[in-house]
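Examination of the molecular architecture
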Amino acid sequence: MTLPDERYRSIAQTQRFLLRLLTTPRVPRAVKDEARGLLRHYPSDYDMQQLERAAPHVVQQRMEPVHRMIAAYTAATPEHDDHEGSTLD
């Protein structure tokens, strides 16, 4: 299960990785060109802030420990069957 803050961190780390590729010696030109192309449309800090405001359940820069624990518990708990305990006619 991936939590919103983990997703946020992964996006940021991927951007740093692609930027490092551009300045690393002996990386083939084709790889650098692909990294450059991916970064051209990569979400900016502003985009990430807007996404966090609009969909905190998707990405969130930081989660408080209590909220993180609740999110992890909720995601790990199987949903109850709506028909549980009912009888069929």
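Residues numbered from 1 in each chain as written. Predicted model: local features only at pLDDT ≥ 70, side-chain atom pairs only at ≥ 80, totals over all residues. Heavy atoms only, no water.

**Here we look at the environment of Leu19**
Mapping Leu19 onto the fold places it in helix α1 (residues 4–23). Of the residues examined, Leu19 reaches a relative accessible area of 44% and is grouped as partly exposed. Separated by 17 residues in the primary sequence, Leu19 and Arg36 place their C-alpha atoms 8.0 Å from one another. (Helix = DSSP H or I, 4+ residues; strand = E, 2+ residues; numbered from the N terminus. Buried < 20%, exposed > 50% of the residue type's maximum accessible area, 1.4 Å probe, protein only.)

**Some points on the confidence of the model for the chain**
Regions with low pLDDT should not have their predicted coordinates read in detail. Summarising the model, the chain shows a mean pLDDT of 85, and 87% of its residues fall at 70 or more. Per-element confidence in the chain ranges from a low mean pLDDT of 73 for helix α4 (residues 65–76) to a high of 97 for helix α2 (residues 29–40). (pLDDT = per-residue confidence, 0-100.)

**Here's the deal with the pattern of salt bridges**
Scanning the model with the defined rule gives 2 salt bridges in all. Linking Arg9 and Asp5 is a salt bridge whose minimum nitrogen-to-oxygen distance equals 3.7 Å. Residue Arg9 and its partner Asp5 are located together in helix α1, separated by 4 residues, close to a single helical turn. What makes Arg9 partly exposed here is its relative accessible area of 39%. Classification of Asp5 by relative accessible area gives buried; the value is 7%. (Salt bridge = Lys/Arg side-chain N within 4 Å of Asp/Glu carboxyl O.)

**Here we look at the side chain of Gln60**
Within the secondary structure layout, Gln60 lies in the loop between α3 (45–54) and α4. What Gln60 contacts, discounting residues up to four positions off in sequence, is Pro4, Asp5, Tyr8, Glu52 and His67. (Contact = heavy atoms within 4.5 Å.)

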